[in-house]
Amino acid sequence: MRELRFDKTLYEGTQVDAALEVFGRYGTFERAEEADAWIVRIESGSKARERRLAGEIGNYALGLTMKSRRGASS
């Protein structure tokens, strides 16, 4: 299992959820929330796959957040 922490000052929770939906068929995710971060635990076939999936989810969620914030400032 691999754990990711998404800092709330950088990531929107809705965008983290959207990223998990997109990558849902590649692994199993458990989502939790702390005061300063959203926590995502990833399980997938192997450690290498979990590592790759973690990177993809992080990048995707950040991209969605940036796109959302650009749209909000227009």
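Coordinates for the structure precede this section.
Read on for an overview of the structure. Small disclaimer: the values here were computed from a predicted structure and weren't measured.

Conventions and cut-offs
Residues numbered from 1 in each chain as written. Predicted model: local features only at pLDDT ≥ 70, side-chain atom pairs only at ≥ 80, totals over all residues. Heavy atoms only, no water. Core = buried A, V, L, I, M, F, W, Y, C linked by side-chain atoms within 4.5 Å. Buried < 20%, exposed > 50% of the residue type's maximum accessible area, 1.4 Å probe, protein only. Helix = DSSP H or I, 4+ residues; strand = E, 2+ residues; numbered from the N terminus. Contact = heavy atoms within 4.5 Å. Phe/Tyr/Trp six-rings, centres within 6.5 Å; stacked < 30°, edge-to-face > 60°. Lys NZ or Arg CZ within 6 Å of the ring centre and 35° of its normal. Pairing = 2+ DSSP bridges. Axes fitted to C-alpha atoms, helices over the stretch in contact; angles between N-to-C directions. Salt bridge = Lys/Arg side-chain N within 4 Å of Asp/Glu carboxyl O.

1. So, the nonpolar core
Okay, step 1: By size, the foremost hydrophobic cluster in this structure holds 14 residues, and its most contacted members are Leu4, Phe6, Val16, Val40, Ile42, Ile57 and Ala61.
Okay, step 2: When contributions to this core are tallied by element, the ones reaching two or more residues are strand E1 (2-7), helix H1 (13-22), strand E3 (37-43) and helix H2 (47-72).
Okay, step 3: Per-element tally for this core: the top contributor is H2, with 4 residues.
Okay, step 4: Ala61 has contacts with Phe6, Tyr11, Gln15, Val16 and Ala19, leaving out every residue within four places of it along the chain.

2. Thoughts on the packing of aromatic side chains
Okay, step 1: For the structure on display, the rule yields 3 aromatic pairs.
Okay, step 2: Each ring, one from Phe23 and one from Tyr26, has its centre 6.4 Å from the other, and the planes form 50 degrees; the classification is tilted.
Okay, step 3: Residue classification places Phe23 among the buried positions, given a relative accessible area of 13%.
Okay, step 4: A residue is classified by how much of its surface remains accessible, and Tyr26, at 34% relative accessible area, is partly exposed.
Okay, step 5: Joined through ring pairs, the aromatic side chains of Phe23, Tyr26 and Tyr60 make up one cluster.
Okay, step 6: Above the ring of Trp38, the side-chain terminus of Lys8 is found at 5.0 Å from the ring centroid.

3. Concerning the sheet that holds E1
Okay, step 1: Read across the sheet, 3 strands follow the order E1-E3-E2 without closing on themselves; strand pairing throughout is antiparallel. The strands lining the two open edges of the sheet, one partner per strand, are E1 and strand E2 (28-33). Averaged over all adjacent pairs, the angle separating strand axes in this sheet is 20 degrees, with direction ignored.
Okay, step 2: Here E1 pairs with E3 via 6 bridges, running antiparallel. Pairing of Phe6 across the sheet is with Trp38, part of E3.
Okay, step 3: The sheet strands contacting H1 are E1, E2 and E3, and the helix crosses E2 at an angle near 170 degrees.
Okay, step 4: Relative to the sheet, H2 contacts E1, E2 and E3, its axis offset from that of E1 by approximately 15 degrees.

4. Looking at the pattern of salt bridges
Okay, step 1: This structure, assessed with the given rule, holds 8 salt bridges.
Okay, step 2: One salt bridge in this structure joins Arg5 and Asp36, with 3.6 Å as the shortest N-O distance. With a gap of 31 residues between them, Arg5 in strand E1 and Asp36 in the loop between E2 and E3 connect regions that are remote in the sequence.
Okay, step 3: Of the residues examined, Asp36 reaches a relative accessible area of 44% and is grouped as partly exposed.
Okay, step 4: Across the pair Glu56 and Arg52 runs a salt bridge, and its minimum N-O distance is 3.7 Å. Taken together, the residues Glu56 and Arg52, both in helix H2 and 4 residues apart, mark about one turn of the helix.
Okay, step 5: Of the residues examined, Glu56 reaches a relative accessible area of 33% and is grouped as partly exposed.
Okay, step 6: Within this structure, Glu3, Glu30 and Arg41 form a network of salt bridges that share partners.

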